[in-house]
Amino acid sequence: MATCYGGWSRNREFGQRIGEGRSVAELIANRKSVVEGYKTTEAFASLCAERKIDAPILREMHAILVEGRKPAHALAALMTRD
């Protein structure tokens, strides 16, 4: 619950900043602490791709964090998918 709602959560703060339009590269470069969700997303997306597991939310999160996709575009892709 703390990771979702707590203002002290590194992962939540990182995601909020991305949602506000900050770049992932800028946020990572200026971090003094680890954002576990960032690396976990990359590792889990690779595992799902390797095992051919369809994980649409994870795929869009990976696109935002690694490929630079805008969060609004990822949301639209999720909401309009088959």
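Below you will find a few notes about this structure. (Residues numbered from 1 in each chain as written. Predicted model: local features only at pLDDT ≥ 70, side-chain atom pairs only at ≥ 80, totals over all residues. Heavy atoms only, no water.)

Regarding its fold elements, the protein presents six helices and zero strands. Reading the secondary structure of the protein in the N-to-C direction produces α-α-α-α-α-α. Taken over C-alpha atoms, the radius of gyration comes to 13 Å for the protein, in line with the 12 Å a tight globule of 82 residues would show. Evaluated residue by residue, the protein yields a buried proportion of 24% over its 82 residues. Partitioning the intrachain contacts of the protein with sequence separation of at least 6 by distance along the chain shows that 32% fall at a separation of at least 24. When the accessible surface of the protein is totalled, it reaches about 6100 Å², and 57% of it is carbon and sulfur. Taken together, the 13 basic and 10 acidic charged side chains of the protein have centroids lying 4 Å from each other. (Helix = DSSP H or I, 4+ residues; strand = E, 2+ residues; numbered from the N terminus. Rg over C-alpha atoms; globule rule 2.2 N^0.38 Å. Buried < 20%, exposed > 50% of the residue type's maximum accessible area, 1.4 Å probe, protein only. Contact = heavy atoms within 4.5 Å. Areas by Shrake-Rupley, 256 points an atom, 1.4 Å probe, with all protein chains shown as cover. Lys, Arg positive; Asp, Glu negative; His and termini not counted. Charge placed at Lys NZ, Arg CZ, Asp CG, Glu CD.)

Next up on the list: the packing of aromatic side chains. All chains considered together, the criterion is met by one aromatic pair. The interplanar angle of 70° and the centroid separation of 6.0 Å between the aromatic rings of phenylalanine 14 and tyrosine 38 together place this pair among those described as edge-to-face. Residue phenylalanine 14 is found in helix H2 (residues 10–19), and its partner tyrosine 38 is found in helix H4 (residues 36–50); the two are separated by 24 residues along the sequence. The buried category is assigned to tyrosine 38, whose relative accessible area is 17%. (Phe/Tyr/Trp six-rings, centres within 6.5 Å; stacked < 30°, edge-to-face > 60°.)

Within soluble globular proteins, side chains that are nonpolar tend to cluster in buried spots. One finds Phe14, Ile18, Val24, Leu27, Val35, Tyr38, Ile64, Leu65 and Ala74 forming the largest nonpolar core, which totals nine residues. Mapped onto this core, the elements with two or more residues apiece are H2, helix H3 (24–29) and helix H5 (56–67). Setting aside its immediate chain neighbours within four residues, leucine 65 contacts Phe14, Ile18, Val24, Tyr38 and Thr41. (Core = buried A, V, L, I, M, F, W, Y, C linked by side-chain atoms within 4.5 Å.)

In this section: the side chain of threonine 41. Among the secondary structure elements, threonine 41 is positioned in helix H4. Given the relative accessible area of 14%, threonine 41 is considered buried. Each residue touching threonine 41, except ones within four places of it in the same chain, is listed here: Leu58, Met61, His62 and Leu65.

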